Amino acid sequence: MNQGILLYGPPASGKDTITAALRELNHAYGAFERLKIGSGRTRGYRMGSVDQLTELEERGDVVYRNDRYGNIYLVDRPGLALAMQDGSIPILHLGQVAGLEAVVDGFPASWTSVLLWCSRESTEVRSKGRGDSDTEARLAAWDATVKDIEARLGFTWDLRLDTDSVSPAEAAQEIDLLIRRGI
């Protein structure tokens, strides 16, 4: 069965950095580029159009959609199928537990869910340090993440990591160990 990793956490909790560390451990790992309809940052996304969104929705190929920062972000069935070709293990970055649930329920694979956490202060420092122009929106998303977790206390995480105290390399090794064990 195909495998995938679901990284969940507030903005700047280390999703990109840990994805890069996983890639260094094993080239089968790779960031899943969600489809983005909108503007702003393009790195790490497949840019799409409203027409493309409409087509995917009509075919039932939208696994998960969220609207944030004035943009639309999609996890799409064709994109996931392509990302899992030849034994590749996609790493999905999601900021809502509903997104994890939608992917687990909507796309057959062995999914490993990882909660990455950092303090609100770390989110602010990291966001400003990487040049985000919308740090206040990222802090609001941090606040929303806390509420999201509190609202879904029954969600079971395969692994929880505090990125204020665990290095990206250590985090990647822990995640890789779970994947190799088939958890």
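For the structure, see preceding data.
What counts as what
Residues numbered from 1 in each chain as written. Predicted model: local features only at pLDDT ≥ 70, side-chain atom pairs only at ≥ 80, totals over all residues. Heavy atoms only, no water. Core = buried A, V, L, I, M, F, W, Y, C linked by side-chain atoms within 4.5 Å. Buried < 20%, exposed > 50% of the residue type's maximum accessible area, 1.4 Å probe, protein only. Contact = heavy atoms within 4.5 Å. Helix = DSSP H or I, 4+ residues; strand = E, 2+ residues; numbered from the N terminus. Pairing = 2+ DSSP bridges.

Before we move on, can you summarise the nonpolar core with the specific residues and values?
With 21 residues, the main nonpolar core has V75, L80, L92, V103 and W111 as its most contacted residues. In contact with L92, other than residues within four places in its own chain, are I5, L6, L7, F32, V75, L80, V103 and W111. Ranked by size, the runner-up nonpolar core spans 18 residues in total, among them A21, Y29, V166 and L178.

Give a description of the pairing of strand β1 (residues 3-8) that names residues and reports values.
The buried fraction of β1 amounts to six of the six residues, a majority that puts the element mostly inside the structure. Burial along β1 is two-sided: Q3, I5 and L7 and G4, L6 and Y8, pointing in opposite directions, are all buried. Relative to strand β8 (residues 110-117), β1 runs parallel, the two sharing six bridges. Of the residues in β8, the one forming a bridge with L6 is S113. Pairing between β1 and strand β7 (residues 89-94): four bridges, direction parallel. The residue of β7 that forms the bridge with I5 is I91.

Lay out the side chain of S13 in plain terms, naming residues and giving numbers.
With respect to the element layout, S13 can be found in the loop between β1 and α1 (15-25). A relative accessible area of 1% means that S13 is categorised as buried. Setting aside anything within four residues of it in sequence, one finds S13 in contact with L116, W117, C118, R126 and T163.

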